[in-house]
Amino acid sequence: MDSRIKQIADYNGMEVILNKLTEECGELVTAIARFQSKWVDPNNEKEELFENLIEEAADTMIMIEQLRLQCPDLFD
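Residues numbered from 1 in each chain as written. Predicted model: local features only at pLDDT ≥ 70, side-chain atom pairs only at ≥ 80, totals over all residues. Heavy atoms only, no water.

S.K.: Explain the state of the cysteines to me, using residue names and the numbers behind them.
M.R.: As used in these notes, a disulfide is a covalent bond between sulfur atoms, one from each of two cysteines. Here the structure, examined in full by the defined rule, presents 0 disulfides. Note on Cys71: no disulfide assigned, nearest cysteine sulfur contributed by Cys25 at a separation of 15 Å. (Disulfide = S-S within 2.5 Å.)

S.K.: Help me get a handle on the pattern of salt bridges, residues and values and all.
M.R.: Considering all chains together, one arrives at 4 salt bridges under this definition. For Lys20, the salt bridge identified is with Glu23, shortest N-O distance 3.4 Å. Here Lys20 and its partner Glu23 are both found in helix H1 (residues 2-36), 3 residues apart, which amounts to about one turn of the helix. Overall, Lys20 belongs to the partly exposed group, its relative accessible area being 31%. For Glu23, a relative accessible area of 39% gives the class partly exposed. Its salt-bridge partner being Glu65, residue Arg68 comes within 2.6 Å of it at the nearest N-O pair. Note that Arg68 and Glu65 are positioned in helix H2 (residues 46-70) at a spacing of 3 residues, about one turn of the helix. By relative accessible area, Arg68 is classed as partly exposed at 31%. A network of salt bridges, in which partner residues are shared, links Lys20, Glu23 and Glu24. (Salt bridge = Lys/Arg side-chain N within 4 Å of Asp/Glu carboxyl O. Helix = DSSP H or I, 4+ residues; strand = E, 2+ residues; numbered from the N terminus. Buried < 20%, exposed > 50% of the residue type's maximum accessible area, 1.4 Å probe, protein only.)

S.K.: Now, about the packing of H1 against H2: what can you tell me, with residues and values included?
M.R.: Where H1 contacts H2, the two axes come as close as 6 Å, and the packing angle between them is 145°. The handedness of the crossing between H1 and H2 comes out as left-handed. Broken down by class, the residue content of the contact of H1 with H2 amounts to 21 nonpolar, 5 polar and 12 charged. (Axes fitted to C-alpha atoms, helices over the stretch in contact; angles between N-to-C directions. Left-handed = near helix turned anticlockwise from the far one by under 90°. Nonpolar A, V, L, I, M, F, W, Y, C, P; charged D, E, K, R; others polar.)

From the geometry alone we can't say anything about function, so treat these as descriptive.
Dropping the structure here:
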């Protein structure tokens, strides 16, 4: 998986990586807020909200990995 992420990171470049990371972080924050709302509104679909939270966390982690591969000095 690392080699594919590296290929994508090299293709996209820093500008795209940072823009996409910003987008994914926003989506993760939204997913977290929606998941937290399950405690307020018990009628929410808890499983669907949890799956969305995991998906957004994974997307964010992939973008962080692309950033790490492009700028390893940031993570030392």
